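Here is what each chain is made of, one letter per residue.
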Amino acid sequence: MKSMNTSLTPQPPVAEPATAASSPAPAAPSPRSLLKQLQSQFPAFRDFLPLAIGIDKQLLAVMPDLDRKTMRTALGIHTGSLRYLKVMEKAKVRHDLDGKPGAEVTDTHRAHATQVLQERYKKEAERKKAEREAKAAEEAARVRADKLNQLAAKFSKKG
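Note that the structure is a prediction, hence the values are computed from the model and not measured. Sequence positions are assigned chain by chain, starting from 1 and proceeding in written order. A pLDDT threshold of at least 70 governs which residues receive local features in this predicted model, and a stricter bar of 80 or more applies before side-chain atom pairs are shown or counted, although totals over entire chains, interfaces and linings include all residues. Note that water and hydrogens are dropped before the side-chain values are worked out from all heavy atoms of the structure.

Peer 1: It is not clear to me how the overall build of the chain should be interpreted in this structure. Could you clarify?
Peer 2: Across its full length, the chain holds nine helices and two strands. Ordered by position in the sequence, the α and β elements of the chain form the string α-α-α-α-α-α-α-α-β-β-α. Of all 159 residues assigned to the chain, the portion counted as buried reaches 22%. Any two residues whose heavy atoms approach within 4.5 Å are treated as being in contact. Look at the contacts in the chain between residues 6 or more apart in sequence, and 60% of them connect residues 24 or more apart. Note on areas: Shrake-Rupley, 1.4 Å probe, and residue coverage restricted to the protein chains presented here. For the chain, the exposed surface amounts to about 11,500 Å²; the carbon and sulfur share of it is 59%. We count a stretch as a helix when DSSP gives it H or I for four or more residues in a row; a strand needs E for two or more, and each element gets its number in order from the N terminus. Only protein chains enter the calculation, and the probe is 1.4 Å; a residue is then buried if its accessible area is under 20% of its type maximum, exposed if over 50%, and partly exposed in between.

Below you can see the structure in the form of structure tokens.
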């Protein structure tokens, strides 16, 4: 009988942690899933509009259960995206969550966006150049090996 009681006792606690484990998941989504949610919910995120300074406070006012660290990471992903930086480079005004225009985008912020984009383009160009050089070196090594094999085959026939 003890074995029957023990087998029955663990079952309810196993069900409870599963419920408890699934509860925090919606409260603390991954930064990428939070960003997708923000893009579907707010025009400023969906349209990659320049965000108002203090947008994090607006988000917390609308979504008080939001995990701050996750929100900041999601904001970092969004504001660091190529699309957002391209918009920021030419932007004149910032927008709130609803997409309504607000404060002006400063020249400093536009310049920063331009600088980040230039660094990314330069890094990408360097990566592609290194990739091309590696392929060229690989091809040269293959051609050299082919020539050596041809010479070896030629001289082995005569010997």
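Peer 1: Is there a simple way to explain the environment of leucine 35 in this structure?
Peer 2: Structurally, leucine 35 can be placed in helix H4 (residues 31-41). For leucine 35, the residues in contact, after removing those within four places along its chain, are Phe45, Ala74, Ile77 and His78.

Peer 1: Would you mind showing me how to read unusual backbone geometry here?
Peer 2: Peptide bonds are trans in most cases, and residues, glycine excluded, mostly fall at negative phi. Here the phi dihedral of phenylalanine 48 falls at roughly 55°; this positive angle occurs in a residue that is not glycine. Counting through the fold element by element, phenylalanine 48 comes out in the loop between helix H5 (43-46) and helix H6 (55-62). Phenylalanine 48 sits in the buried class, given a relative accessible area of 11%.

Peer 1: What exactly am I supposed to notice about the confidence of the model for the chain here?
Peer 2: Low-pLDDT stretches of the model should not have their predicted coordinates read in fine detail. Overall, the prediction assigns the chain a mean pLDDT of 83, with 81% of residues at 70 or greater. This model gives residues 1-25 a pLDDT under 50, and the stretch forms zero contacts once residues within four places in sequence are excluded. One number per residue, pLDDT, summarises how confident the predictor is, and it ranges from 0 to 100.

Peer 1: What should I look at first to understand the side chain of histidine 78 in this one?
Peer 2: One can find histidine 78 in helix H7 (residues 68-79). With near-sequence residues (within four places) excluded, histidine 78 lies in contact with Leu35, Gln39, Ala44, Phe45, Phe48, Leu51 and Tyr84.

Peer 1: I keep staring at the layout of surface pockets and nothing clicks. Help me out?
Peer 2: There is about 300 Å³ of room inside the largest pocket. If you trace the largest pocket, you find 18 residues lining it, with Ile53, Thr79, Tyr84, Met88 and Arg94 closest to the centre. Those elements that provide at least two residues to the lining of the largest pocket are H6, H7, helix H8 (82-90) and helix H9 (107-158). Sort the elements by how many residues they give to the lining of the largest pocket and H9 lands first, with four residues. Here the residues of the lining of the largest pocket sort into 10 nonpolar, five polar and three charged. Here a cavity denotes grid points, spaced 1 Å and computed from the protein atoms alone, that fit a 1.4 Å probe unable to get out, and a pocket denotes an open set having protein on both sides within 12 Å along at least 5 of 7 lines; residues with an atom within 4 Å of a point are the lining. Grid points are joined across faces, edges and corners, and a volume is the space filled by probe spheres set on the points. The nonpolar class holds Ala, Val, Leu, Ile, Met, Phe, Trp, Tyr, Cys and Pro. Asp, Glu, Lys and Arg form the charged class, and all remaining residues, Gly among them, are polar.

Peer 1: Help me out: how do you make sense of the packing of H6 against H7 in this one?
Peer 2: In a packed pair of helices, the relevant descriptors are the angle between the two axes and the axis-to-axis distance. Their axes nearest at 11 Å, the elements H6 and H7 cross at an angle of 130°. Our classification of the angle between H6 and H7 gives oblique. When the axes of H6 and H7 are compared, the crossing they make is right-handed. Contacts between H6 and H7 involve Ile55, Asp56, Leu59 and Leu60 from the former and Arg68, Met71, Arg72 and Leu75 from the latter. The residue makeup of the contact of H6 with H7, split by class, is five nonpolar, no polar and three charged. To obtain each axis, a line is fitted to C-alpha atoms, and for helices this fit is confined to the stretch in contact; angles are then taken between N-to-C directions over 0 to 180 degrees. By definition in this entry, angles of less than 35 degrees are roughly parallel, angles greater than 145 are roughly antiparallel, angles of 65 to 115 are roughly perpendicular, and the rest are oblique. Handedness of a helix crossing follows the sense of rotation of the near helix relative to the far helix, less than a right angle counterclockwise being left-handed and clockwise being right-handed.

Peer 1: Please explain the pattern of salt bridges as it appears in this structure.
Peer 2: Any two side chains of opposite charge can pair, so long as their charged atoms come close to each other. What makes a salt bridge here is a side-chain nitrogen of Lys or Arg within 4 Å of a carboxyl oxygen of Asp or Glu, nothing more. Summed over all chains, the structure comprises eight salt bridges. In this structure, lysine 90 engages glutamate 89 in a salt bridge whose closest nitrogen and oxygen atoms are separated by 3.9 Å. Since its relative accessible area comes to 24%, glutamate 89 is described here as partly exposed. Each of the salt bridges in this network shares a partner with another, and the network as a whole consists of Glu124, Arg127 and Glu131.

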